[in-house]
Amino acid sequence: MIVVLKKNAEKQQVEVFSAWLHSMGLETHMSVGENHTIVGLVGDTSRVDIESIMALDIVETVRRIQEPYKNANRKFHEADTVITLSTGAKIGGGHFLVMAGPCSVENEEQIISVAQSVKAAGAQVLRGGAFKPRTSPYAFQGLHEEGIRLLLKAREATGLPIVTEIMDAQHLPLFADIDIIQVGARNMQNFELLKQLGKLRKPILLKRGMANTLQELLMSAEYIMAGGNEQVILCERGIRTFETATRNTMDLSVIPVLHHLSHLPVVVDPSHATGSYQLVPPMALAATAAGADGLIIEVHNDPEHALCDGPQSLRPEKFADMMNKVRAIRPYADRSFTTGQLALE
Ligand code: PEP
Ligand code: MN
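Comments concerning the overall build of the protein chain
Here's step 1: Counting its regular elements, the protein chain contains ten helices and 14 strands.
Here's step 2: Its C-alpha atoms give the protein chain a radius of gyration of 21 Å, within 12% of the compact-globule value 20 Å for 345 residues.
Here's step 3: Within the protein chain, counting contacts between residues at least 6 apart in sequence, those at least 24 apart form 69% of the total.
Here's step 4: By element, 52% of the accessible surface of the protein chain is carried by carbon and sulfur atoms, the whole surface being about 15,500 Å².
Here's step 5: For the protein chain, the centre of its 33 positive side-chain charges and the centre of its 39 negative side-chain charges are spaced 1 Å apart.

This is the structure we're talking about:
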């Protein structure tokens, strides 16, 4: 349920109103916009009498929200969420952020060399997996603790903040100094992990599961946000369809749909979505044009010998070339559809 307050509502009246709602066991989420203040109610609102709220002086309108996600809902929070990293780099609300680096951290020379190249090309965040979710238990599983140490070393060398994947809440202490924690597609519905991440106050990159709907993605974001961590970045990384020509099917139309449904930033991962380095630049440009708030791209200095995902990794020169094109396309990105009704049959 959302309550839209009148423009001239006095602070003290709003406080009394909030206290009354809290006394009914509801949580309130205030969003002060340019034109009005929205109070989002989270909890069991079935006992709340709309008429008696409508009758209050300070209230303009009251609406029930159909969607099960509340904190992630744009109806709760009209303005785009903007997330700021320690370097001052921002994502959301018109700020575009590119994260790039190898699928996995392999050794010090590799991660530092890739970090330097992606930074020179304009990436603002270094990616690299230390804990890798591999289909085969016999495949390279990542360097674990040592991988995290090398990522932090690369941050020291380049100043780039780090995004890396967590697979188990038990590993959280190792992630204390990591800037953005990634939840991989395979863990999008690991609800216990999401609850633990909800207790943090740092950005979470939440990847869409390969067979999950947008509503499920937003409900997973809701798990994190319900714990009080509002810094969630949504990521489209391709879904499973009947098509086998590409590793996954890149679901581009989710970009405007997610912007419509939610205020959270949306990034696209064309590397995992396509599986081939040749397809990454065109799909990165398409995502940029469709209004993504950022990209996450796999880049490797020696893709032929990469321990994971070499075929979808760009060489640094190709990444730099792609970045030039992304910058050229950015002014034409279409973010015109956020509010109003999505016309569907
Ligand atoms: C990754 O980013 O390396 C990764 C494993 O991604 P996903 O969870 O999207 O498969
Ligand atoms: Mn990968």
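Let's talk about helix α1 (residues 11–23)
Side chains that are three or four residues apart share a direction in an α-helix, a result of its 3.6 residues per turn.
Here's step 1: In a regular helix each residue adds 1.5 Å, so 13 residues correspond to 18 Å; α1 covers 18 Å between its end C-alpha atoms and thus fits that length.
Here's step 2: Among the residues of α1, those classed as buried are Val14, Phe17, Ser18 and Leu21. Taken down its axis, α1 places every buried residue within 100° of arc, on the same side. When the buried face of α1 is taken as reference, the exposed residues oriented beyond 90 degrees from it are Gln12, Val16 and Ser23.
Here's step 3: Residues of α1 that are buried make contact with β1 (2–5), β2 (27–32), β3 (37–42) and α2 (50–54).
Here's step 4: Within two residues after α1, Gly25 carries a phi angle of roughly 85°, on the positive side.

Details of the domain arrangement of the protein chain
Here's step 1: Its domain assignment divides the protein chain into domain 1 (2–63) and domain 2 (83–338).
Here's step 2: Using C-alpha coordinates to define each centre, domain 1 is positioned 37 Å away from domain 2.

A closer look at the sheet that holds strand β9 (residues 162–166)
Here's step 1: Around the barrel, eight strands lie side by side as β7-β8-β9-β10-β11-β12-β13-β14; this closed barrel has parallel pairing. Averaged over all pairs of adjacent strands, the angle between their axes in this sheet comes to 30°, without regard to strand direction.
Here's step 2: Bridge count between strand β10 (residues 180–183) and strand β11 (residues 204–207): three bridges; the pairing is parallel. Bridge assignment links Gln182 to a residue of β11, and that residue is Leu205.
Here's step 3: Most of the contacts of helix α4 (residues 145–158) go to β9, to which it runs at about 170°, and overall it touches β8 (125–127) and β9.
Here's step 4: Contacting β9, β10 and β11, helix α5 (residues 191–198) runs over the sheet at an angle of about 165° to β10.

Overview of the site of ligand 1
Here's step 1: Taken together, the neighbourhood of ligand 1 is formed by 13 residues, with Arg127, Lys132, Ala185, Lys207 and Arg237 sitting nearest.
Here's step 2: One of the side-chain N or O atoms of Arg186 is found 2.9 Å from an oxygen atom in ligand 1.
Here's step 3: Measuring from an oxygen atom of ligand 1, one finds a side-chain N or O atom of Glu298 at 3.5 Å.
Here's step 4: Protein burial of ligand 1: of its 300 Å² of free accessible surface, 97% is covered by the chains.
Here's step 5: Looking at side-chain class alone, the shell around ligand 1 contains three nonpolar, three polar and seven charged residues.

A look at the packing of helix α3 (residues 108–121) against α4
Here's step 1: For the pair α3 and α4, interaxial distance at closest approach is 9 Å and the crossing angle is 40°. The angle between α3 and α4 places the two elements in the oblique class. Crossing angle aside, the handedness with which α3 passes α4 is right-handed. Contact residues: α3 offers Glu108, Ile111, Ile112, Ala115, Gln116 and Lys119, while α4 offers Leu150, Leu151, Lys153, Ala154, Ala157 and Thr158.
Here's step 2: Counted by class, the contact of α3 with α4 contains seven nonpolar, two polar and three charged residues.

Definitions and cut-offs
Residues numbered from 1 in each chain as written. Chains lettered and ligands numbered in written order. Predicted model: local features only at pLDDT ≥ 70, side-chain atom pairs only at ≥ 80, totals over all residues. Heavy atoms only, no water. Helix = DSSP H or I, 4+ residues; strand = E, 2+ residues; numbered from the N terminus. Rg over C-alpha atoms; globule rule 2.2 N^0.38 Å. Contact = heavy atoms within 4.5 Å. Areas by Shrake-Rupley, 256 points an atom, 1.4 Å probe, with all protein chains shown as cover. Lys, Arg positive; Asp, Glu negative; His and termini not counted. Charge placed at Lys NZ, Arg CZ, Asp CG, Glu CD. Expected span 1.5 Å × (residues − 1). Buried < 20%, exposed > 50% of the residue type's maximum accessible area, 1.4 Å probe, protein only. Arc of directions from axis to C-beta. Domains from an automatic or database assignment. Pairing = 2+ DSSP bridges. Axes fitted to C-alpha atoms, helices over the stretch in contact; angles between N-to-C directions. Near = heavy atom within 4 Å. Polar contact = N/O pair within 3.5 Å; in protein donor to acceptor, adjacent residues only side chain to side chain. Nonpolar A, V, L, I, M, F, W, Y, C, P; charged D, E, K, R; others polar. Parallel < 35°, antiparallel > 145°, perpendicular 65-115°, else oblique. Left-handed = near helix turned anticlockwise from the far one by under 90°.

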